[in-house]
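One letter stands for each residue in the lines below.
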Amino acid sequence: MRGRSGKGVVSRETTPGAGAGVSRETPPHAPAGPARPHARTAPAAVPSGAVDEQLIARPAPALRPYVSSYAAYRQAGVPPALHRGLPSPRLTLIFTLDEPLTLAGHPDPGQAPGSYATLLGGLHTRPALITHQGRQSGIQLGLHPLGARALLGLPAGELADLDLPAEAVLGPRGRDIAERLRAAAGWPERFALLDAHLLRWLDREPGGAGSAPAPEVARAWQLLTASRGAVPVAALADDIGWSARHLTARCRQETGLTPKAAARVIRFDRARRRLGAAARTGSPPLLAELAADCGYFDQAHLAREFRSLAGCPPSRWLAEEFRNVQAPADGCAKG
């Protein structure tokens, strides 16, 4: 999902481990500026002759309150892999190009495995398990939960823990954009198509860009994200003038997460992104330092939250996603 070199030429960037390509959770925000690919480097090599095209672009300015990023990916000739799609504070919308997206496990364990030409996933607190056989391609969008009403026509809470074909929510417009993306000549044309279609969606939805959740819920979510998950629920409730119980119910209804769960996901998302970014340089940080920087009580607290939200400890996640990196020990007992 990352990388470009030259004048509009997609780079065959080398990205280590199973995490390359589609991720079921959104990539980091691209830098401020015009909607254009954002390049980064990675340390591992892919097999000779393999294709590994990955880009991140920002949507048009009018879409940025609703969409955090476009992440394009195309891989062929890479080793088959299983990848953990981790919880994040954004919904996932994926349009595949050549091969369907195969989920071996969903955040809701009661949902059967399946393959998807398009996928819309709500906020979740358990990982999805994604497999590929050496080929995958598509574009992944990160959607802000407070913008779901305006963009999708329903609150994000109705999608909590679910993975659905995008057409189940978007109807014919989902099929139309998927077909146009597959027929497009290249990534810049696909990014432009997304901008044009999503802007029309905003105009077409009842309320459009003016369709918004209750201002109290929006305020609570904004405080949580601005504090990186550090504001206690009682403080949030006091700030907006609601009881903690009412705030919890309304936030779950609107976003799919309670304020407490959202704070956990926001902290975890920051920690695992920092851990992954450092791993791509070949030198993951000490987990004790990462825990302190990301608002955990200690390293053991970070490790427990990783097990709960990722389904494995940090060292295993690093070993799976960045196979060339020597992962640090977790430093705490199982449990």
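Only a predicted model underlies this, so the values are computations on that prediction, with no experimental measurement involved.

Draft legend 1. Layout of the packing of aromatic side chains. Applying the stated rule across the entire model yields 3 aromatic pairs. Note on Tyr70 and Phe191: the rings are 6.0 Å apart at their centroids and 15° apart in plane angle, and the pair reads as stacked. Taken together, the residues span a long stretch of sequence, with Tyr70 in strand β2 (residues 67–76) and Phe191 in helix α4 (residues 187–204) at a distance of 121 residues. What makes Tyr70 buried here is its relative accessible area of 0%. Taking 5.8 Å as the distance between ring centres and 55° as the angle between the ring planes, the aromatic pair formed by Phe306 and Trp317 counts as tilted. Of this pair, Phe306 sits in helix α10 (residues 299–310) while Trp317 sits in helix α11 (residues 314–321), and the two are 11 residues apart along the sequence. Residue Phe306 shares its accessibility class with Trp317, and that shared class is buried. Ring pairs connect the aromatic residues Phe268, Phe306 and Trp317, which therefore count as one cluster. Over the ring of Trp187 we find Arg190; its NZ or CZ atom is 4.8 Å from the centre of that ring.

Draft legend 2. Just the pattern of salt bridges, in detail. Tallied over the full model, the rule gives 14 salt bridges. In this structure, Asp269 engages Arg90 in a salt bridge whose closest nitrogen and oxygen atoms are separated by 3.1 Å. Of the two residues, Asp269 is situated in helix α8 (residues 259–280) and Arg90 in the loop between β3 (81–85) and β4 (91–96); the sequence distance between them amounts to 179 residues. Linking Glu320 and Arg316 is a salt bridge whose minimum nitrogen-to-oxygen distance equals 3.0 Å. Pair noted here: Glu320 and Arg316 are both in helix α11, with a separation of 4 residues, about one helical turn. Judged by relative accessible area, which is 43%, Arg316 ranks as partly exposed. Among the ionic contacts, a cluster of salt bridges with common partners joins Arg90, Asp269, Arg272 and Arg273.

Reading the values: the criteria
Residues numbered from 1 in each chain as written. Predicted model: local features only at pLDDT ≥ 70, side-chain atom pairs only at ≥ 80, totals over all residues. Heavy atoms only, no water. Phe/Tyr/Trp six-rings, centres within 6.5 Å; stacked < 30°, edge-to-face > 60°. Helix = DSSP H or I, 4+ residues; strand = E, 2+ residues; numbered from the N terminus. Buried < 20%, exposed > 50% of the residue type's maximum accessible area, 1.4 Å probe, protein only. Lys NZ or Arg CZ within 6 Å of the ring centre and 35° of its normal. Salt bridge = Lys/Arg side-chain N within 4 Å of Asp/Glu carboxyl O.

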